[in-house]
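This is what each chain is made of:
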Amino acid sequence: VTAVGIIGLGNMGRGMALSLQRAGFAVTGTDVSVDVRQQLADEGISTVDCVAGLAARVEVIVLSLPTAAIVSQVVTQPGGILDSASPGVLVIDTSTSHPDTTRQLAVQLRAAGMALVDAPVSGGAGKALTGELGMMVGGSRADVARAQPILAAMSAKCVHVGDAGAGHVAKIANNLMCAAHLLVAGEVTRLAEHAGVPADKLLSAINAASGRSAVTEVNYPTWILNDAFNSGFTMQLMRKDVRLAAELADSSGLVLPLTQAVTGLWQQSAATIADGEDFNRIVASDRL
Ligand code: NAD
């Protein structure tokens, strides 16, 4: 039985830990939050209180952390993965992170006899729990092949898009599209309502037509029209993803006017929509 460690047991990491355990892996988790560790222990996941304690006892380490800076810390800080794990360990980063950070860490881990695969995810906390995430995977062919049984326990579909960092490029591109779709869907529902067509009727029509997207097919019925706004994905995290897209666009030197408009509106939303709110709140962009 492969021993798998998971660092970061939040909305996504919790579901991943439970899915991996259900698939038969020997799972150990850790998180900086004592409360989060306790919650997972209550759900039957073995937990330890620090990265070093986890890294010493597993063959594969899955990361589900908020930002690239935190991923980097967990790998490189004293008592981190480079310090505490044995050669041969495979790190799978499911966080949405910066491709440059990922490439740097891949080089450092390789130099220590370890390996990195980036496997950021789409699908939210619900799909993490059922093990049906969509994954965009970066890494060498051999490393990805080794990661495959673990990825399969967490995902319904994995697409290997290139070397280390490529998964994060694809994830940033995906979330930029989702960020844009939320804004345009918010605008067309307001436009149609103003012209006499209610939002639910409009969406039924669009979902049988060429304008449809995951936002119109999933987000609107699940979290927006019913006013639930409980997707488990926060404004703070989506603003981070949009910032990653803006950075990638800036460093490319390409002319991307729509990307500029979308990233500008999301950045502006920080003034009126709090970090802890659901990311779907952006549809009320007329109040930005
Ligand atoms: P979260 O904030 O719910 O969970 C992150 C966890 O990491 C928290 O429990 C936090 O205490 C822990 N943590 C922070 N610093 C740590 C450290 N140094 N060591 C150990 N643990 C630490 O976030 P989430 O929603 O689970 O998202 C995790 C990642 O997945 C993010 O990169 C996010 O962008 C991405 N993501 C989230 C969703 C979603 O729907 N929530 C979907 C796709 C991708």
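See the structure shown above.
Residues numbered from 1 in each chain as written. Predicted model: local features only at pLDDT ≥ 70, side-chain atom pairs only at ≥ 80, totals over all residues. Heavy atoms only, no water.

Trainee: Explain the nonpolar core residue by residue, including any values.
Mentor: Burial of nonpolar side chains together is a common tendency in soluble globular proteins. Core analysis: the biggest nonpolar cluster contains 30 residues, and Met16, Leu20, Val62, Ile92, Ile150, Leu151 and Met154 have the highest contact counts within it. Sorting the residues of this core by element identifies β1 (3-7), α1 (11-22), β4 (60-63), β5 (90-93), β6 (115-118), β8 (133-138) and α8 (141-154) as the ones contributing at least two each. Top element by residues in this core is α8. It accounts for 6 residues. If we skip the residues at most four places from it in the chain, methionine 16 touches Ile6, Val62, Ser64, Thr94, Val121, Ala128, Leu133 and Met154. (Core = buried A, V, L, I, M, F, W, Y, C linked by side-chain atoms within 4.5 Å. Buried < 20%, exposed > 50% of the residue type's maximum accessible area, 1.4 Å probe, protein only. Helix = DSSP H or I, 4+ residues; strand = E, 2+ residues; numbered from the N terminus. Contact = heavy atoms within 4.5 Å.)

Trainee: Which residues make up the environment of glutamate 59, and what are the values?
Mentor: Mapped onto the elements of the fold, glutamate 59 is located in the loop between α3 (51-55) and β4. Residues glutamate 59 and isoleucine 172 lie 113 residues apart in sequence; the distance between their C-alpha atoms is 28 Å. Beyond its immediate stretch of four places on either side in the chain, glutamate 59 contacts Val1, Thr2, Ala3, Gly88, Val89, Leu90 and Arg146.

Trainee: Explain the site of the ligand to me, and be specific about the residues and the numbers.
Mentor: Every one of the 21 residues lining the ligand counts as a neighbour, but Asn11, Met12, Asp31, Leu65 and Lys240 are closest to it. Here an oxygen atom of the ligand and a side-chain polar atom of lysine 240 are 3.0 Å apart. In the complex, the protein chains occlude 86% of the 830 Å² of accessible area that the ligand would expose alone. If you list the elements that add at least two residues to the shell around the ligand, you get α1, α4 (68-76) and α12 (235-252). Tallied by class, the residues present in the shell around the ligand amount to 10 nonpolar, 8 polar and 3 charged. (Near = heavy atom within 4 Å. Polar contact = N/O pair within 3.5 Å; in protein donor to acceptor, adjacent residues only side chain to side chain. Areas by Shrake-Rupley, 256 points an atom, 1.4 Å probe, with all protein chains shown as cover. Nonpolar A, V, L, I, M, F, W, Y, C, P; charged D, E, K, R; others polar.)

Trainee: Residue-level account of the pairing of β8, with values.
Mentor: Most of β8 sits out of view: 5 of its 6 residues are buried. Bridge count for strand β7 (residues 121-122) against β8 is 2 bridges, and the pairing is antiparallel. From the neighbouring strand, valine 121 faces β8, where its bridge partner is methionine 135. Pairing analysis gives 6 bridges linking β8 to strand β9 (residues 155-162), with the strands arranged parallel. Pairing of methionine 136 across the sheet is with valine 159, part of β9. Assessed by its sense of winding, the connection that carries the chain from β8 through α8 to β9 is right-handed. (Pairing = 2+ DSSP bridges. Right-handed = clockwise from strand over helix to strand, strands pointing away.)

Trainee: Can you lay out the side chain of histidine 98 for me, pointing to particular residues and giving the numbers?
Mentor: Tracing the backbone shows histidine 98 in the loop between β5 and α6 (99-111). Looking at histidine 98, its side chain comes within polar contact range of the side chain of glutamate 247, at 3.4 Å. With residues up to four places along the chain from it excluded, the contact list for histidine 98 reads Ala68, Leu244 and Glu247.

Trainee: Just give me the short version of the packing of aromatic side chains, but keep the residues and values in it.
Mentor: In this structure the tally under the stated criterion is 1 aromatic pair. Directly above the aromatic system of phenylalanine 229 lies the positively charged group of arginine 281, at a separation of 3.8 Å from the ring centroid. (Phe/Tyr/Trp six-rings, centres within 6.5 Å; stacked < 30°, edge-to-face > 60°. Lys NZ or Arg CZ within 6 Å of the ring centre and 35° of its normal.)

Trainee: So what's going on with the side chain of serine 97? Residues and values would help.
Mentor: As for its position among the elements, serine 97 is in the loop between β5 and α6. In this structure serine 97 touches Ala68, Thr102, His168, Ile172 and Leu244, once residues within four positions along its chain are discounted.

Trainee: I'd love a proper account of the pattern of salt bridges, names of residues and values included.
Mentor: Under the counting rule described, the total for this entry stands at 7 salt bridges. Aspartate 100 is the partner of arginine 103 in a salt bridge, and the nearest nitrogen-oxygen pair spans 3.4 Å. Of this pair, arginine 103 and aspartate 100 both sit in helix α6, 3 residues apart, roughly one helical turn. Relative accessible area serves as the criterion here: at 42%, aspartate 100 is assigned to the partly exposed category. A salt bridge links arginine 212 to glutamate 217, with the shortest nitrogen-to-oxygen separation between them at 3.4 Å. Overall, arginine 212 belongs to the partly exposed group, its relative accessible area being 45%. On the accessibility criterion, glutamate 217 (40% relative accessible area) is partly exposed. (Salt bridge = Lys/Arg side-chain N within 4 Å of Asp/Glu carboxyl O.)

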